[in-house]
Amino acid sequence: MRPPRALFVPFELGRPFGPPNKPEIQRQVLIEALTLLERRDGPIIEDFVTHSIYHKGIEEENEGWTCPINLAKPTNDLTDTQKLSFDLKQEVILLQPWYKRSIESSKGRRLDGLTTYSPEEIIDLLVSFIENPDIISFIPNQPIGRALKIISDDLKNFYFQSAMAKPKNISDVKLGNWFYGDTLAGKLLIEIRAICLAHSNESLQLIGRTNFVPNAMLKYV
Amino acid sequence: MVYFSEMPEKQRSMIVDQDLPDYKNTPCVEGPSLSKRKISIITTAGLHKKDDEIFTPGVGEYRIIPDDMNIKDLIMSHVSTNFDRTGFFQDLNVMLPVDRLNELQVAGKIGEVAKYHYSFMGATPPMAQEAVSKDLAEVLKADGVNGVVLAGV
């Protein structure tokens, strides 16, 4: 096997080709990576040269984003599961107009869709896991841990899509702070994580450690 | 990306201590000039069409992404929560720059865009991916692809 050719880029994980909606930067990254194909002196790793176009793009990214949706401060008491379910569904109702607006402005693009469950159905499933951590999986051919992860991602994507209805550049940190710090759904995922970590099922423990709350958001745990 | 010097020691050791091939000064594969190459993109972002099976953790597998599909119909079932997804939410080209690749073809910088691109899910043990990677390499060669951008997230 022959060695690879690599281009090291300064962008955060998840954006190997640079910021969104900055085609000139993305093209520059792509052409610099592809140009390495014409070199044979392997193995190769080069640094992406930060052009002035990159710095201008980063300056524009630093414009502030504020959530367009005014949600009530979420409670930390999740023990009353009936109230929890009701309050979560109220949160979804508040988000629905923004979700629809986001889909219209992105010409029909949806971020959720890993399952066919609606946000309300996902809430019922996650709350049922809180009530009984030994429930069986609700997605065919998927163990319970993976099923929880899939529906949690779909619920989070619904929230994220709603939050992005306001057309502004937004960072994952800001969106994460909003979701895990200011929404009941974020609190719900933190609770799901805690239950998985404490479960006797080792695969649920592993999924709890890594799949529900990013490391940068553990400050809300 | 992050420099090793910026990583916590445990994370740094986990990456550096991996059992990786030692290429020494082996030259890279030779090929035609870039303007004559057929290029495909392979991402590790766990992307797929909505009606594809979602990725299964620990399993070596990939999904096929036609170059002419509406990439707005792609969704992500990657297991990791620890990389930014807001870029992907706003512009898929941050992970899968098919629009940019086609622009480079129009500009004559590359010879041709491959009919298909591919997605793995990166959070999978490398050895679990070996068999399907070899399989995909043969598929790419049969398609006449002679240049690949492997885009990790």
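Structural data are supplied above this passage.
Residues numbered from 1 in each chain as written. Chains lettered and ligands numbered in written order. Predicted model: local features only at pLDDT ≥ 70, side-chain atom pairs only at ≥ 80, totals over all residues.

Draft legend 1. The arrangement of the interface of chain B and chain A in detail. In this complex, chain B contributes 45 residues to the contact, which on the side of chain A involves 53 residues. If you list the elements that add at least two residues to the side of chain B that touches chain A, you get α2 (86–90), α3 (98–106) and β7 (147–151) of chain B. Among the residues forming the side of chain B that touches chain A, the class breakdown is 23 nonpolar, twelve polar and ten charged. (Contact = placed C-beta atoms within 7 Å. Helix = DSSP H or I, 4+ residues; strand = E, 2+ residues; numbered from the N terminus. Nonpolar A, V, L, I, M, F, W, Y, C, P; charged D, E, K, R; others polar.)

Draft legend 2. Quick look at the nonpolar core. Tyr159, Ala185 and Ile192 of chain A together with Met95 and Val149 of chain B are the most contacted members of the largest nonpolar core, which totals 78 residues. No other element matches the ten residues that helix α5 (residues 144–163) of chain A contributes to this core. Here this core spans two domains, and each of domain 1 (5–61) and domain 2 (81–220) of chain A adds at least three residues to it. With residues up to four places along the chain from it excluded, the contact list for Ala185 of chain A reads Leu88, Glu91, Leu155, Tyr159 and Phe179 of chain A. (Core = buried A, V, L, I, M, F, W, Y, C linked by C-beta atoms within 7 Å. Buried ≥ 20, exposed ≤ 12 C-beta atoms within 10 Å, placed from the backbone. Domains from an automatic or database assignment.)

Draft legend 3. Inspection of the packing of helix α6 (residues 172–182) of chain A against helix α7 (residues 184–198) of chain A at higher detail. Residue and element names in this part refer to chain A. Axis separation between α6 and α7 bottoms out at 5 Å; the angle between their running directions is 75°. What the angle tells us is that α6 and α7 run roughly perpendicular. Mapping the contact onto sequence places Phe179, Tyr180 and Gly181 in α6 and Ala185, Gly186 and Ile190 in α7. Residue composition of the contact of α6 with α7, by class: four nonpolar, two polar and no charged. (Axes fitted to C-alpha atoms, helices over the stretch in contact; angles between N-to-C directions. Parallel < 35°, antiparallel > 145°, perpendicular 65-115°, else oblique.)

Draft legend 4. Up close: unusual backbone geometry. Residues and elements named next belong to chain A. Residues Gly42 and Pro43 are joined by a peptide bond in cis, for which omega reads -15°. Mapped onto the secondary structure, Pro43 falls in the loop between α1 (23–35) and β2 (44–47). The phi torsion at Asn21 lies on the positive side, around 60°, for a residue other than glycine. Its place among the elements puts Asn21 in the loop between β1 (5–8) and α1. According to the C-beta neighbour criterion, Asn21 is partly exposed, with 15 such atoms within 10 Å. Its identity is not glycine, yet Lys107 carries a phi of approximately 55°, on the positive side. Mapping Lys107 onto the fold places it in the loop between α3 (81–105) and α4 (119–131). Look at Lys107 and you get exposed, because 8 C-beta atoms sit within 10 Å.

Coordinates in, geometry out; function isn't part of it.
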